[in-house]
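Architecture and fold: a report
Read off the chains here:
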Amino acid sequence: AHRSRTRHARGPVVYAGGVSTGWGIWLAIALGSAAGGVLRQLLTEAVTLAAGSAFPWGTWLANVLGSGAIGAVSAAASLGVPGSWSLATRHAVMTGVLGGFTTFSTFSVQTVALCQQGRWRDAAAYVVLSVVVSLAACILAFTGVHLLAR
């Protein structure tokens, strides 16, 4: 079922009713999630080969890039830029691909592993860098799209 969109001043698009129903949307999310998960694994493996496995840079980079991407897509949607995107496409990209690409659960278990290894500074740095830089990426991308749209 299609939900009407409401816009908040300079804010992300919110779908009235709060939930998405319909098998087409669920399938779009599932396929997007699979693609996002594969992309995250490929990125993580490439970063691990380049930087080593002592610190979880691959997961960190996936979360930062994904946060920036979802900020940009959300801003574009709030401006009506991807106007031709169906509700299923928006869900496939935002919830599916970007949700599958980013990962809070992996971030959490990697933080616990650093703590279990007694690497408290690395764990604290990972948490602070992940949260601060991911939020900054989302804010910068969202704001940047709005500035470009002027």
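Higher on the page you've got the structure.
Description of the structure in this document. (Residues numbered from 1 in each chain as written. Predicted model: local features only at pLDDT ≥ 70, side-chain atom pairs only at ≥ 80, totals over all residues. Heavy atoms only, no water.)

Turning next to the overall build of the protein chain. In terms of helices and strands, the protein chain carries five helices and two strands. Taking all 150 residues of the protein chain together, 35% fall into the buried category. A sequence separation of at least 24 residues applies to 72% of the contacts in the protein chain between residues at least 6 apart. For the protein chain, the exposed area adds up to about 8400 Å²; of that, 71% sits on carbon and sulfur atoms. (Helix = DSSP H or I, 4+ residues; strand = E, 2+ residues; numbered from the N terminus. Buried < 20%, exposed > 50% of the residue type's maximum accessible area, 1.4 Å probe, protein only. Contact = heavy atoms within 4.5 Å. Areas by Shrake-Rupley, 256 points an atom, 1.4 Å probe, with all protein chains shown as cover.)

Another aspect to go through is the nonpolar core. Listed in full, the eight residues of the largest apolar core are Phe55, Trp60, Val64, Phe107, Leu114, Ala123, Tyr126 and Ala137. For this core, the element with the highest residue contribution is helix 5 (residues 120-149), accounting for three residues. (Core = buried A, V, L, I, M, F, W, Y, C linked by side-chain atoms within 4.5 Å.)

Along the chain, the position of Thr59 falls in helix 2 (residues 57-78). Using a relative accessible area of 3% as the deciding quantity, one classes Thr59 as buried. Ignoring any residue separated from it by four or fewer positions in sequence, one finds Thr59 in contact with Thr44, Thr103, Thr106, Phe107, Gln110 and Tyr126.

As a further point, take the pattern of salt bridges. For the coordinates displayed, the defined rule picks out one salt bridge. We note a salt bridge from Asp122 to Arg119, for which the minimum N-O separation is 2.8 Å. (Salt bridge = Lys/Arg side-chain N within 4 Å of Asp/Glu carboxyl O.)

A few words now on the environment of Pro56. Structurally, the position occupied by Pro56 is in the loop between helix 1 (23-51) and helix 2. Pro56 sits in the buried class, given a relative accessible area of 13%. On a C-alpha basis, the gap between Pro56 and Thr106 in space is 9.6 Å, while along the polypeptide they are 50 residues apart. Discounting chain neighbours no more than four positions away, the residues touching Pro56 are Gln110, Leu114 and Tyr126.

A few words on the packing of aromatic side chains. Applying the stated criterion across every chain, the model contains five aromatic pairs. Between Phe55 and Tyr126, the ring centres sit 5.4 Å apart and the planes meet at 80 degrees, which makes this aromatic pair edge-to-face. Remark: Tyr126 occurs in helix 5 and Phe55 occurs in the loop between helix 1 and helix 2; sequence separation between them is 71 residues. Assessed through its relative accessible area of 12%, Phe55 is described here as buried. Centre to centre, the rings of Phe104 and Phe107 are 5.2 Å apart; their planes meet at 50 degrees, and the pair counts as tilted. Pair noted here: Phe104 and Phe107 are both in helix 4 (residues 104-116), with a separation of three residues, about one helical turn. An aromatic cluster is defined as three or more aromatic residues linked by ring pairs; in this entry it consists of Phe55, Trp57, Trp60, Phe104, Phe107 and Tyr126. (Phe/Tyr/Trp six-rings, centres within 6.5 Å; stacked < 30°, edge-to-face > 60°.)

What follows deals with the environment of Ala54. Topologically, Ala54 is positioned in the loop between helix 1 and helix 2. For the pair Ala54 and Leu114, spaced 60 residues apart in sequence, the C-alpha separation works out to 9.5 Å. Excluding residues within four positions of it along the chain, Ala54 makes contact with Leu114 and Arg119.

Compared with an ideal rise of 1.5 Å per residue, which puts 30 residues at 44 Å, helix 5 spans 43 Å between its outermost C-alpha atoms and is within 8% of the ideal. For helix 5, every residue scored as buried is listed here: Ala123, Tyr126, Ser130, Ser134, Ala137, Ala141, Phe142 and His146. Buried-residue contacts for helix 5 involve helix 2 and helix 4. (Expected span 1.5 Å × (residues − 1).)

Together, Val127, Val128, Val131, Val132, Leu135 and Ile139 make up a nonpolar patch on the protein surface, roughly 510 Å² of accessible area in all. Relative to the helices and strands, Val131 resides in helix 5. Its relative accessible area of 39% is what places Val131 among the partly exposed residues. (Patch = residues over 30% accessible without salt bridge, like charges linked within 9 Å, V, L, I, M, F, W, Y side chains within 5 Å.)

Honestly, that's just the spatial picture; any functional story needs more than this.
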